[in-house]
Amino acid sequence: MKDHFKVNTRTIVATGLGAAIFTLLFMYVKVPSPVPETSFQTAYGLSAFFATLFGPIAGALIAFIGHALSDALQYGSPWWSWVIASGVSGFIFGFAYKRTKVEEGEFKTRDIVTFNVIQAIGNVVAWVVVAPVLDILIYQEPVNLVFTQGITAAIMNTISAGVIGTLLLIAYAATRAKKGSLSKG
Amino acid sequence: MNAKMKLFSYNTADTPVHRLSGLTKLICFLLLTFAVMFSYDIRVIFAVMIFSVAILRLSQIRFSQIRAMIVYVLVFVVANAIISFFFSPEEGVKIYGSRHNIVNLYGGYKLTWEQIFYQITKFFKYFSVIPFGIIFLLTTNPSEFASSLNRIGVNYKAAFAVALTLRYFPDMQREYHDISQAQQARGLELSHKAKFADRFKNSLLILIPLIFLSLERVETISNAMDLRGFSKNDTRTWYTSRKFARADYVALAVSALITIGTVYVSVFVNHGRFYNPFV
Amino acid sequence: MDERVVIEFQDFSFQYFSQAEPTLNRINLKIYRGEKILIVGPSGSGKSTLGHCLNGLIPFAYKGDMRGSLKINGVETREQNIFKLSKMVGTVLQDTDAQFVGLTAGEDIAFALENDNVPTAEMRERVKKAAAMVDMQNLLGSSPFELSGGQKQRVSLAGVMIDDVDILLFDEPLANLDPATGKAAIEIIDELHKKSQKTIIIIEHRLEDALHRGIDRVILINDGRIIADKNPHDLVSSPLLTENGIREPLYVTALKYAGVKVASDMRPGHIATLQVDRAREALAAWYNAIPLERREYAKPSVLKMENVSFSYDGLRPVLNDINFDIREGEMVSIVGRNGAGKSTLSKLLCGFEKEDRGAIFYKGENIREKSIKERAEIIGLVMQNPNQMISKPMIRDEVALGLRLRNIPEEQITGRVEKALNICGLSPFKDWPISALSFGQKKRVTIASILALEPKILILDEPTAGQDFRHYTEIMEFLVEINKLDVTIILITHDMHLMLEYTPRAIVLSGGRMIADTTASMALTDSRVIEEANLKETSLFQLSRLSGIEGGARFVQGFIDYERRLKAR
């Protein structure tokens, strides 16, 4: 558990680059959903992926910095309650760090389940608890409104982190496949 | 998209606002943002808003630079106002503890003065945050950002991660663009024309090369940083930090006064975050 | 102990934990204070690993089994840490974009000082001084996007010099630079060496370019062992270079073709020191015996640009009135410095951008209205780094991707994928994961994935960047094979060997204009073109001048024709 929070240069660089990609995806790369005017944020798939490889600190900072920066670029100012919630989601995603065998080149059913349980918990905590509560505390938004928004966000982001994150991790595991065990067919 | 892409349209005009140190601007931004986020008193909000627009003029920021943001925010605030009303038409009544009906609408919805007052206050409250963010973004040299964060107490490693984000964002943007074009040539369809089930898979055709290339870069960049002693000590200094001048102290004092004033009005005048004209 | 020794390897071996074999094997080497050393070796020889051992990335960042002793300034490296070592050995990495971590040049130069908690005021002074050493003092406020590759490298150099290290280590300093900038880089390193008397170690596989200025000793490494430790003249005269996959200088090859026995008393290490008196007659005789080839392309036009102009912002033209006509089955290179418009040109051809004026014709038909996807079936683009394109874990799926996205029936796909894999020599690997392939094989996969769409024209962006001689030859010979299948090949490159040896025709861009459309041998001997396009005169031309042979361009062409015939035999 202790090395979940260890931060070395590699973690910092991964955080910086991860946040840059998060910003880019958050602003430009959305997957349109079947419901009009809504779309899935691929960025949460990215933060879940990086958090699984680099731990909760990287996960939290990637989503926090990335969300704050893209809000600032688009709206001029971050919407703090949701930025913080993004950070919390990334932090919780980071608990998948070292809980799967992805670094050894394996990402099978068991690992997929572990990862998805963790990311679902992260999304529920962030969007059903943190974001609405902060919306009420900071902005005094109506209670039923913020919870409805939160539940929608939790569902959307769980799907996004689930699909994109899982597929990225499977692809990553494939690049870690052991060499030398192959023969020409 | 050309090679000289910069992250912000940060302009190097020479105004009193530009001359302030990045640290000052960061602190002022946070203080003033806190002030308008905290207060639900429309008089305070208006006062701060007038102040912020004055600073906006002082910074010589042109409307064309911020038009896109204003439109975005307008869409957001209007949408929020409509949804708020349908979700909670009685919010104003709840907050102000009185009811002045104007008209009965369909489906049992009633329009009250309290609700209108609440929503107007909220509308301006959200709008008034924006100028500070814009001023901060457009007048602060991105180079000063990380050092300022570090000096208000953010761990320097986290602050440096922010610097790296700003440094490599344009690279990522270009890389994304190039990969996306190459994959489109192979036949990738990014628009709504693709079937829903394929859309996630299609986005991965760009994400996978982009992300895996970045992971390789993480390796080389962290080697380069280790070789020049990053994270050797518990603190670090910054090439871009600036000494405070008198203007910095003045700006900080003004911002602090506004913030304290806001809190004072809430605590001692309104006895709460809301100003209640209905009593 | 000898005071003058700064680096000493004794029976030193290193094996990465992930590898089955040691990468460095019983290395014994002494480097003396103030020496200038060149370390050469093919890819995978262990030369980069040797560099990692010097700067401390081994054992502190890359783990493995380390045996024997490596002392720097008399102390064992394993008893130090990476920070202490970085105060003795300054490293300039080959990837200048990765090393440039600051938002501006000034910040990047200051990076090491910031980490040492040097006060800001002192830091500013020292940055100014370090920047002045590499002539960058006026660009301290520039962002990396405003600087050229050569300028970024100078920033990196200032960034390590600022710490006043004793030893400077350059890891493949020429890899990402165009020929003229590479030449300038070698000159800067040389002047720095003369001024500062620091110990300098350059790791490179481009021997001829690295020998542009004086070198005390060249260490040749292969298979983790030191093969030779000689002065440049002795090494170049020995057969060891070619035996170990390092390309010898072109002028040496020419001398050998002429039947001259190259010996160290001719001082052949550098073209500048070469004594040709003894070889003059043989060279002239050889050259005069080469029959002049006449090449005429009678084939029909496949790709034509007519008065094409383009600008991204409507103000600054990036391409200005470009005209050329490429014929079926040609192999052409497009050259020019960074920003000359080469990549924009390929974007126009692929339809990523649309020309503002003029027209592009494929077999006489204007293709303006063809979409990106439709153009890909005529003109395929292979990006520089295969990892920019690969998005599937399995080879077969990657090659099939373009066909699947076009909803071609699966039965047809299998056939076309097999065919493309066959052409690219990948059939034995078709069920392998891509991650198990080497860089060159990955490159073939991306080429196969483009060939599956059966384009008539293939554009390749720097296909051999960063490759050693063997891999370079492999990739290029493979492209020649594809070319024989009547696929027209356009190469965007600044590799001069590649131009000379493989593309009879070169289109040269400079500042968005086409300044030459001629043979590679003409382009590389025309001083105006060389200067405008940041190329470098080929040493063959210098050889012809040294030995008093008139008509340098013809001499160069003669060499190319001779070599081609030799290969064809």
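Note: the structure precedes this text.
Thresholds applied
- Residues numbered from 1 in each chain as written.
- Chains lettered and ligands numbered in written order.
- Predicted model: local features only at pLDDT ≥ 70, side-chain atom pairs only at ≥ 80, totals over all residues.
- Helix = DSSP H or I, 4+ residues; strand = E, 2+ residues; numbered from the N terminus.
- Rg over C-alpha atoms; globule rule 2.2 N^0.38 Å.
- Contact = placed C-beta atoms within 7 Å.
- Nonpolar A, V, L, I, M, F, W, Y, C, P; charged D, E, K, R; others polar.
- Axes fitted to C-alpha atoms, helices over the stretch in contact; angles between N-to-C directions.
- Parallel < 35°, antiparallel > 145°, perpendicular 65-115°, else oblique.
- Left-handed = near helix turned anticlockwise from the far one by under 90°.
- Buried ≥ 20, exposed ≤ 12 C-beta atoms within 10 Å, placed from the backbone.
- Core = buried A, V, L, I, M, F, W, Y, C linked by C-beta atoms within 7 Å.

**Quick notes on the overall build of chain A**
Looking only at helices and strands, one finds six helices and two strands in chain A. Counting from the amino terminus, helix and strand elements in chain A follow one another as α-β-β-α-α-α-α-α. Here chain A has a C-alpha radius of gyration of 17 Å; the compact-globule value for 185 residues is 16 Å, and the two agree. If one aligns the C-alpha atoms of chain A with their principal axes, the spans along those axes are about 60 × 40 × 30 Å.

**A look at the interface of chain B and chain A**
Contact residues are listed per partner, giving 52 residues for chain B and 40 residues for chain A. At the level of secondary structure, the elements contributing two or more residues to the side of chain B that touches chain A comprise helix H2 (22-38), helix H4 (63-87), helix H6 (113-139), helix H8 (156-185) and helix H9 (196-226) of chain B. Considering each element in turn, the side of chain B that touches chain A owes the most residues, 17 residues, to H9 of chain B. Across the side of chain B that touches chain A, the residue classes tally to 35 nonpolar, 11 polar and six charged.

**Looking at the packing of H8 of chain B against H9 of chain B**
Residue and element names in this part refer to chain B. At a closest axis distance of 9 Å, the pairing of H8 and H9 adopts a crossing angle of 140°. Taken together, H8 and H9 sit at an angle that is classed as oblique. Of the two possible hands of crossing, H8 and H9 adopt the one that is right-handed. Of the residues in H9, those in contact with Glu-175, Tyr-176, Ile-179, Ser-180 and Gln-183 of H8 are Leu-205, Ile-206, Pro-209, Leu-210 and Leu-213. The residue makeup of the contact of H8 with H9, split by class, is seven nonpolar, two polar and one charged.

**Quick look at the environment of Arg-213 of chain C**
Residue and element names in this part refer to chain C. On the secondary structure map, Arg-213 appears in the loop between helix H9 (207-210) and strand E9 (217-222). Residue classification places Arg-213 among the partly exposed residues on the basis of 17 C-beta atoms within 10 Å. Along the backbone, Arg-213 and Pro-42 are 171 residues apart, and their C-alpha atoms lie at a distance of 21 Å. When near neighbours in sequence (up to four residues on either side) are disregarded, Arg-213 contacts Ile-186, Glu-187 and Asp-190.

**Here's the deal with the nonpolar core**
Judged by nonpolar contacts, the single largest core of 311 residues is most densely connected at Ile-21 and Leu-61 of chain A together with Ile-39, Ala-158, Ala-448 and Ile-459 of chain C. Counting residues per element, this core draws most heavily on H8 of chain B, at 16 residues. Apart from the residues within four sequence positions on either side, Ala-448 of chain C is in contact with Val-399, Ala-420, Leu-421, Cys-424 and Leu-426 of chain C. Counting seven residues, the second-largest nonpolar core is a separate cluster that includes Tyr-40, Phe-117, Tyr-118 and Phe-274 of chain B.

**Quick word on the interface of chain C and chain B**
Counting residues at the interface gives 48 residues for chain C, matched by 46 residues for chain B. Looking at the side of chain C that touches chain B, the elements that each hand over two or more residues are helix H3 (82-88), helix H4 (96-99), helix H5 (105-115), helix H6 (120-133), helix H15 (372-375) and helix H16 (395-405) of chain C. Here the side of chain C that touches chain B takes seven residues from H5 of chain C, the largest share from any one element. Partitioning the side of chain C that touches chain B into residue classes produces 27 nonpolar, 14 polar and seven charged.

Any functional reading would require information beyond the geometric quantities listed.
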